[in-house]
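The residues making up each chain are set out below.
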Amino acid sequence: MTAMFDQELREQLDQARTELAAARAAGDAAGVQAYQGRVAALLRLAAQHGITLPHTREEELGES
């Protein structure tokens, strides 16, 4: 996989985590759910392409 793809996934994951934290801070339950799903989806995409990204089990499962 190209370095650009790897970097883009990392950037998108960072952004999704930032948005998730903001949604939690704002008490936005729908936003939290959406960004948890986004984080989990990005982690699955990375894994499908053999890219290992640091994450928690909860992130992988799309949980709090």
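Higher on the page you've got the structure.
One structure accompanies this document, and this report is about it. (Residues numbered from 1 in each chain as written. Predicted model: local features only at pLDDT ≥ 70, side-chain atom pairs only at ≥ 80, totals over all residues. Heavy atoms only, no water.)

## Digging into the overall build of the chain
Note the following rule: Secondary structure elements are defined from DSSP: runs of H or I of at least 4 residues count as helices, runs of E of at least 2 residues count as strands, and each element is numbered from the N terminus. Throughout, exposure labels follow a simple rule: accessible area from a 1.4 Å probe, protein chains only, divided by the maximum for the residue type, with under 20% read as buried, over 50% as exposed, and the rest as partly exposed.
When helices and strands are counted, the chain shows 3 helices and 0 strands. Taken from the N to the C terminus, the helices and strands of the chain come in the order α-α-α. Projected onto its principal axes, the C-alpha coordinates of the chain cover approximately 40 × 20 × 15 Å. Taken across its 64 residues, the chain has 25% of its residues classed as buried.

## Description of helix H2 (residues 29–48)
Applied cut-off: An expected span of 1.5 Å times one less than the residue number is assigned to each helix. Working note: the arc is built from the helix axis to C-beta atom directions. The contact rule is simple, with two residues in contact once any of their heavy atoms fall within 4.5 Å.
With 20 residues, H2 should reach 28 Å at 1.5 Å per residue; the first-to-last C-alpha distance of 29 Å fits that figure. For H2, the complete set of buried residues consists of Gly31, Val32, Gln36, Val39, Ala40, Leu42, Leu43 and Ala46. Along the axis of H2, the buried positions cluster into a sector of 165 degrees, meaning they face one direction only. Pointing more than 90 degrees away from the buried face of H2 are the exposed residues Ala30, Gln33 and Gln48. Of the surrounding elements, those touching the buried residues of H2 are helix H1 (3–26) and helix H3 (57–61). In the stretch just after H2, Gly50 is the one whose phi turns positive, near 75 degrees.

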